[in-house]
Structure formats: structure tokens, C-alpha cells
Amino acid sequence: MTNEDSISTSTPASAPLLGELEGRVEGHRDGHGFVVPDAGEPVIYLAPQEMRSVLHRDRVRVRILRLDRKGRPEGRVVDIVSRAKAPIIGRLLHEGGQWLVAPEDRRYGQDILIPKNATASAAVGQVVSVELTETPSLHAQPVGRVAEVLGEIDDPGMEIEIAVRKYEVPHRFSPETLAQASALPEKLRAADRRHRIDLTDVPLVTIDGEDARDFDDAVYCQPHHGGKGKKAFSGWRLVVAIADVSHYVKPEEPLDRDAYERATSVYFPRRVIPMLPEKLSNGLCSLNPEQDRLSMVCDMLVADDGRITAYQFYPALICSHARLTYTEVAAVLANTRGPEAARRADLVPHLVHLHEVYRALLKQRASRGAVDFDTVETQIISDDNGRIERIVPRVRTEAHRLIEEAMLAANVCAAEFISAHEHPALYRVHEGPTPERRTTLQAYLRALGIAMPLSDEPTPGEMQAIAQAVAERPDAQQIQMMLLRSMQQAIYTATNSGHFGLAYEAYAHFTSPIRRYPDLLIHRVIKALLAGRRYHLAPSDLTRKPEVRRGGKPRHAKPMSQEMEVWDAAGAHCSANERRADEASRDVEAWLKCRFMREHLGEEYSGTVSAVASFGLFVTLDGLYVDGLVHITELGGEYYRFDETRQELRGERTGVRYAIGTRVRVQVSRVDLDGRRIDFRLVRDGEAEALLARGRPGRGAAAGSAQAELAEVKGADRRVKAATRERKNKPGAASGKRAAKATTGRARRR
């Protein structure tokens with residue numbers, strides 16, 4: 001049978017012809033897959049047999065054959081529109097006389113055969129990048145060649161090298177970009193300072209984390225009183241100065257092309273993939289202390305009730321008077337006569353004024369009804385080799401919130417300024433619950449006996465009121481999580497639909513042009529408007545088409561002008577790359593956590609159920625902030641029914657319930673480094689003591705019980721691997737090409 005047989009257009013007579021669609025293949029680690037249609041229709045299931053001729057991320061045309069019992073479409077590939085061009089990352093193996101690469105991303109589902117003369121200098125077990133030379137078909141595996149040897153799996157930083165390639169994160173600047181960056185001056189020139197307001201005498205300061213390297217915002221505040229009679233004004237002047245990246249990064253130049261392609265900086269533990277070369281991100285554009293820098297300023301008047309009564313934008317020359325940290329500022333605000341305040345005595349009055357305007361802005365946030373949930377963010381503390389030492393919660397101080405409110409104020413002014421001039425731009429849009437999510441949330445709240453009103457078009461104030469009303473309940477965290485999940489993901493788009501969470505009618509990103517491309521575009525638009533011009537965004541061949549989310553629908557019902565289409569394409573590109581950066585960062589964190597927990601196999605921990613699914617419970621361990629799965633088969637010898645409304649699993653015989661927020665005791669039973677998965681086993685009351693007693697004939701047995709259990713777990717794992725390998729190598733089990741195909745879709749063992 002030829003390769004064409006795998007894309008035959010014939011349809012079984014019993015299968016109804018329901019139409020054909022184009023879309024992107026999304027593989028699944030279990031061997032089957034899905035096609036995500038371009039137009040946002042429901043995803044189409046592909047059986048494992050269909051997945052043998054395609055790979056994850058290929059673009060295909062699929063014919064819908066039938067609907068399953070739940071009405072979900074199942075399809076057959078009739079044409080391969082285009083093959084994914086990204087290299088595949090994996091481990092080089094030598095099995096049964098064959099060289100092959102097991103993809104690190106299991107969604108590819110098939111191993112890549114490597115001819116003996118195409119392994120480059122790679123050794124067995126090393127991580128490599130592979131380019132395909134032959135695509136897969138029903139009867140042949142894909143064939144490729146080793147294009148790049150990344151190194152050993154245990155090399156420091158290997159998880160990041162894998163992630164940037166796995167998610168196609170651009171991590172090397174073009175030679176043209178590097179040449180342009182190196183040609184930039186080391187210091188400001190006289191020409192750079194022209195036509196700018198000199199604010200070098202204003203004591204602006206930067207306030208960031210201890211590990212920050214680039215500083216793109218500086219702030220200053222002073223009391224302000226003006227007007228007479230009914231127009232008398234009492235409040236503050238708040239100055240937010242932002243690095244003027246647009247002065248150096250001009251449209252369609254090499255620096256701009258690379259920045260647009262990346263769209264955002266990507267943050268990993270101990271490493272950043274920057275949007276701009278270091279000479280700009282940490283040098284010319286960074287508002288380093290005691291150095292003159294170019295900036296775009298948002299100069300605001302804030303009333304004592306938090307309303308922004310006036311604002312103006314202008315290019316300026318500034319000099320940061322100090323580089324402060326959140327910890328340092330929080331200590332000063334907590335005790336203005338303490339040792340930290342004494343070291344910054346000249347800045348203390350300005351910091352106090354910043355705190356005062358922050359308190360006023362908080363009043364306005366409350367009056368708008370903005371959503372403000374308490375969530376726990378964590379930070380990974382690594383050793384010199386990049387491995388996790390510990391995971392700690394990030395403590396949000398008054399200093400964090402102060403800077404956040406100042407940046408929000410500048411961002412909303414930018415959106416209002418552009419909107420008032422009716423100029424196209426990218427807005428940061430966050431929409432509220434869809435009708436389906438609202439119905440689900442309403443049913444969930446009703447099931448918990450929460451009789452809070454939720455209108456057909458929920459407002460941020462309603463969501464915030466629910467969060468505040470349940471704050472003292474033991475399941476408050478569970479309810480808050482459901483409120484968050486009911487909202488949609490924030491995106492960049494040319495169509496302003498407001499920001500639901502912040503309760504703004506218009507919102508844009510203006511404050512981080514060093515690390516976000518949409519902010520750079522906002523700067524260019526504002527500069528053009530100040531000069532009485534319009535900024536025309538040119539279409540780019542680098543625009544990355546976003547992946548359609550499952551169940552997603554087209555955002556624009558009405559036709560758009562050509563200019564708006566260009567802006568909307570840029571917004572979709574930036575949104576897609578923002579998601580890509582988040583996914584790559586999460587992938588690295590998951591790898592590090594798996595590596596960390598591999599040293600804790602067999603150990604027991606207390607934890608909290610953080611999510612519930614039909615197949616089990618996700619549990620977050622106390623103190624470690626690591627998540628793992630308790631599969632439903634580990635919950636006991638009875639049938640558990642998943643209640644989607646209550647988000648819980650309930651035992652039919654005992655009535656035992658597991659819901660978000662339930663406290664449990666678990667044992668680390670398995671760690672799958674390749675699959676980024678940690679499995680737990682539920683430990684019931686008295687079980688641990690019984691296990692110890694059963695294995696404690698003498699005093700010495702207790703001391704070795706933990707080590708013995710861990711050794712048994714590892715031994716069992718080795719026995720399973722050996723048995724699997726033996727089965728695959730048995731004579732008659734497979735031969736020739738068939739032996740090579742026997743590795744297809746197997747569970748990765750490395």
C-alpha cells in the first residue's frame with residue numbers, strides 16, 4: 001500500500017458524509033488525536049490508526065465520518081495541507097539494532113527512525129533536535145536526521161533548551177539585529193535629548209524585585225492643590241515615566257522585526273529570553289539609577305477619591321534617583337523612622353506620598369467594583385545547577401500593590417487618550433463569563449447554597465461581592481477558583497471591549513515596552529498623536545496565526561477595514577506568543593518540579609485538592625507547592641461519580657466526597673519526567689502506622705522502612721521496563737520494519 005492510501009478520500013458506505021474541514025492536528029499521548037478546525041467548530045476526534053500518517057501540529061483536511069454517542073464528531077484525514085516545519089526534540093536511543101529518537105513531546109506519538117549515518121556526533125541518551133527527511137504513513141514511521149545535539153538530559157539548563165525549541169520560542173537574534181544593536185551609542189547623544197521635557201531634577205525612583213535586571217518604569221508623587229471655589233482641587237500629581245524604547249526600535253528595521261516575532265520576553269527560573277538585545281533591555285532603555293534616560297511620561301492629577309481628573313503624555317529626559325526593591329519600600333512604609341527609612345531619608349516623603357495616592361486609587365478600584373481575588377503565586381529557588389532547592393510563596397506587600405495601581409492608572413490613561421482620538425491600536429481586552437460559563441457557575445453556587453445574585457450579564461462588582469461574601473467560609477478558595485475559571489482569558493485586540501476584571505471601559509498596555517511588543521505599539525501611536533500624525537502599522541510576514549481554542553468562536557461578526565485587520569492580526573499574534581511564553585515557562589517549571597519530587601518517592605505529605613476531574617483529584621502539597629494526580633483508581637474499591645455542578649467526586653456506596661479544598665494525605669508513588677506528571681496515592685487514617693507495624697519485627701526495621709519502600713518502588717519500575725524491553729525483542733514478535741513500528745506510540749521509558 002502506498003503513502004497515498006493513508007489519505008484516501010473513500011468513505012465507508014455506513015458512515016454519513018457530514019462535510020470536510022481544515023484544521024490543525026493536536027496529538028494525544030495515548031495515541032489518538034484531534035483536529036482543531038480553523039473556523040472554531042468543535043474539535044474532531046482522530047483514531048490512533050488515523051494518527052499514524054500525521055504528526056502533531058500538521059495541518060490537514062478531514063472528513064467527518066460519524067458522530068459518537070455523545071454527538072462528538074469523528075473524522076478521517078483526506079488530505080495533508082502542510083507538515084509542521086519545527087524540529088522535533090527528543091532522546092537518541094539504540095534499540096533492536098535501530099537508531100531512533102523518542103520525541104520529548106509525547107503528543108507526536110511516534111518515534112523518529114534515524115539512519116546510521118544521520119546521527120551526527122550524538123551519543124545514546126543525548127538530547128537532540130531532529131529534522132524529518134521522510135514523513136509518516138500508515139505503514140512506515142517518520143525518518144529524520146540529527147540537526148543539533150543539545151547535550152545530556154542532566155546538563156544544567158537543559159529543560160530550558162528543550163522548552164524553547166519545543167514551543168518554537170525564538171531564542172537567537174538575527175545577525176542584522178545584533179549588528180544594529182552593537183552600532184547604537186553607549187550613552188545618550190545631544191540629538192537624543194532634543195524636544196524633550198527635562199525631568200532629571202524630579203526624584204523619580206524605580207521599585208522592582210530583588211532579582212530584576214531591566215527597569216522600564218519609574219514613579220514620583222507629590223501633593224497637589226489647585227483651583228478656587230467650586231473648582232478647588234486637592235489630591236496628588238502622579239508621574240509615571242516609562243522607558244522610551246520606540247526611540248531606538250524603529251518600524252520594520254531588524255530590531256523591530258525580531259521584537260515583533262518574539263512579541264514578549266519569556267521568563268524561566270534563572271534565565272530570561274528577552275524581546276530586545278541586552279544592550280537595549282539592560283542598557284540604553286533600562287532606567288538604571290543615576291543615569292540619564294529617555295522616557296515617555298504619563299503625568300496625572302489624582303483626586304483624593306482616586307479619580308484621575310487630568311493627564312498628559314510627553315517625551316522626557318529623566319534620571320532615576322534610586323533603584324529600590326519592594327522589600328525595602330515595604331519596610332519604609334511600615335516604619336518611616338526605622339533603619340531602612342534612615343538610609344533613604346531624602347526619599348521617604350515621596351514614598352509616603354506614593355502610598356497616599358495608592359490608597360486613593362484603591363478607593364476608586366472599590367467603587368468601580370473591580371475583581372480583586374487573593375491568589376498564591378510561588379517562586380522557585382534554585383541551586384547553582386538550576387535544580388530546585390525550595391518553592392516559596394511570593395509575598396505581595398503594599399509596595400507591590402502601590403506600583404501595580406500606578407501602572408494601572410497610566411495604562412488606562414493611554415487607552416482613553418487613543419480612544420478619544422479614534423486611532424487604531426491594541427487594547428488589552430478581558431471579557432466576562434460566556435453564557436455557558438455563567439450557567440455553570442450559577443448552578444455551582446446554587447448547589448453550595450449561595451443565594452447571591454448573578455445577572456444574565458454578570459458585572460465585575462457581582463463577582464467581587466460573591467468573593468467577599470464567602471471569604472469566611474472554609475471552601476472560600478474553592479469558590480474563588482470557580483469564579484476565576486468562569487472568566488475568559490485576556491487578549492490583545494484592535495476591538496475595544498473593555499477589561500472585565502479591572503472594570504475599565506478601555507484598557508491598554510503602556511508600561512512595559514522593554515518586554516512586551518503591544519506596549520511598544522502603544523508608545524508609537526501616542527507619539528504620532530502628539531505630533532498630529534497617524535501611525536500606520538504595516539502588515540508583517542512574521543505574524544503568527546493563533547491556534548483556535550477548543551469551542552472558540554470568531555470574535556468579529558462584522559467586516560473590518562483593511563487597517564483594522566492589520567491591527568487585529570498583530571493583536572492575535574501577540575496574544576498567541578504570550579500564550580506560547582506562558583506554556584514554555586510552565587513546561588520548564590513542571591520539569592523542575594518532577595525532577596525535585598523524584599528525590600521524594602515514597603514520602604508522605606499533607607495537601608489540598610486543587611482541582612477535580614472525572615479521572616481523579618489534583619492535589620497541591622503543603623509547603624512544597626507541587627501538584628500531582630490521585631487517579632480515581634487510587635480512591636478505594638468503589639465507584640466514584642463525577643458531579644460537574646459541584647465539582648466533586650462522590651463514592652456511590654459510602655457517600656465519601658472529594659471536592660476542591662478537601663484536605664488529604666498522600667504518598668508520592670510515581671514521577672514521569674518525560675510526561676511532566678507526578679502521581680500520588682491516597683493514604684488513609686492509620687494506614688501509615690499499619691504499614692510500619694507490619695514491617696517492624698525489631699528496632700532496626702523502622703529506620704530502614706522508608707529506604708526499603710523507596711527501593712521497592714524503584715525496583716518495580718526497573719522490572720516493568722525490563723519486561724517491556726524483553727517482549728519487544730522476542731523473536732517473532734516483530735521483524736524488519738515491523739520491529740521498528742513496534743515502538744510507535746509506546747509509553748516513554750526514559
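As a reminder, the structure under discussion sits directly above these lines.
Here is a short report on the structure shown in this document. (Residues numbered from 1 in each chain as written. Predicted model: local features only at pLDDT ≥ 70, side-chain atom pairs only at ≥ 80, totals over all residues. Heavy atoms only, no water.)

1. Thoughts on the overall build of the chain
Note the following rule: Only DSSP runs of H or I reaching four residues or more are called helices, and only runs of E reaching two or more are called strands; each is numbered from the N terminus. Each residue's exposure class comes from its accessible area (1.4 Å probe, protein chains only) as a fraction of the maximum for that residue type: buried when under 20%, exposed when over 50%, partly exposed otherwise. Calculation of accessible area relied on Shrake-Rupley with a 1.4 Å probe; when residues are assessed, cover is drawn exclusively from the protein chains displayed.
Along the backbone of the chain there are 18 helices and 31 strands. Taking all 750 residues of the chain together, the buried fraction comes to 49%. With the model as given, the accessible surface of the chain reaches about 36,100 Å², and the carbon-plus-sulfur share is 50%.

2. Side note on the environment of Ile 112
Cut-off, in case you're wondering: Whether two residues touch is decided by their heavy atoms; if any such pair falls within 4.5 Å, the residues are in contact.
By the element assignment, Ile 112 lies in strand β8 (residues 112-113). What makes Ile 112 buried here is its relative accessible area of 0%. Spatially, the C-alpha atom of Ile 112 lies 6.7 Å from that of Gln 141, the residues being 29 residues apart in sequence. For Ile 112, the residues in contact, after removing those within four places along its chain, are Ile 88, Trp 99, Leu 100, Val 101, Pro 103, Val 130, Leu 132, Pro 142, Val 143 and Gly 144.

3. Let's talk about the pattern of salt bridges
Threshold: Put simply, a salt bridge is a Lys or Arg side-chain nitrogen that is within 4 Å of an Asp or Glu carboxyl oxygen.
Evaluated as defined, the whole model comprises 50 salt bridges. One salt bridge in this structure joins Arg 676 and Asp 587, with 3.1 Å as the shortest N-O distance. Residue Arg 676 is located in the loop between β30 (663-672) and β31 (677-682), and its partner Asp 587 is located in helix α15 (residues 562-597); the two are separated by 89 residues in the primary sequence. Given the relative accessible area of 15%, Arg 676 is considered buried. Here Glu 652 makes a salt bridge to Arg 641, at a shortest N to O gap of 2.5 Å. With a gap of 11 residues between them, Glu 652 in the loop between β28 (648-651) and β29 (657-659) and Arg 641 in strand β27 (residues 640-643) connect regions that are remote in the sequence. Judged by its relative accessible area of 48%, Arg 641 falls in the partly exposed class. One connected set of salt bridges, linked through shared partners, spans Glu 148, Glu 161, Arg 165, Arg 172 and Arg 271.

4. Observations concerning the sheet that holds β28
Through backbone hydrogen bonds, the strands of a sheet pair up, either in parallel or in antiparallel fashion. Here is the rule we go by: Between any two strands, pairing holds if DSSP finds at least two bridges. The angle between two axes is taken between their N-to-C directions and runs from 0 to 180 degrees, where each axis is a line fitted to C-alpha atoms and a helix contributes only its stretch in contact.
The 3 strands lie next to each other as β27-β28-β29, forming an open sheet whose pairing is antiparallel. Looking at strand neighbours, the two that pair on one side only are β27 and β29, the edges of this open sheet. Adjacent strand axes in the sheet meet at a mean angle of 20°, parallel and antiparallel pairs treated alike. Taken together, the 4 bridges between β27 and β28 define a ladder with antiparallel strand orientation. Its bridge partner being in β28, Tyr 640 is matched across the sheet by Gly 651.

5. As for the side chain of Ser 281
Note on placement: Ser 281 falls in helix α6 (residues 278-284). Apart from the residues lying within four places of it in its own chain, the contact partners of Ser 281 are Asp 214, Pro 274, Leu 276, Ser 286 and Ile 514.

6. Observations concerning helix α7 (residues 326-334)
Listed in full, the buried residues belonging to α7 are Tyr 326, Glu 328, Val 329, Ala 330, Val 332 and Leu 333. Tucked into the core, α7 has its buried residues touching β12 (205-208), β19 (322-325), α8 (339-343), α9 (348-368) and α10 (398-420).

7. Remarks on empty space enclosed by the protein
The cut-off we apply is this: Site definitions follow a grid-based scheme: protein atoms alone, a 1 Å grid, a 1.4 Å probe that fits but cannot get out for cavities, and for pockets an open set with protein on both sides within 12 Å along at least five of seven lines, plus lining residues having an atom within 4 Å of a point. Grid points are joined across faces, edges and corners, and a volume is the space filled by probe spheres set on the points. Amino acids are sorted into nonpolar (Ala, Val, Leu, Ile, Met, Phe, Trp, Tyr, Cys and Pro), charged (Asp, Glu, Lys and Arg) and polar (every other residue, Gly among them).
This structure, assessed with the given rule, holds 3 cavities of 30 Å³ or more. Taken as a whole, the largest cavity encloses approximately 70 Å³ of empty space. As for the largest cavity, its lining consists of Arg 57, Ala 86, Pro 87, Ile 88, Ile 89, Glu 104, Asp 105, Tyr 108, Arg 165 and Lys 166. Looking at the lining of the largest cavity, the elements that each hand over two or more residues are β6 (88-95) and α2 (158-166). In terms of residue class, the lining of the largest cavity is built from 5 nonpolar, no polar and 5 charged.

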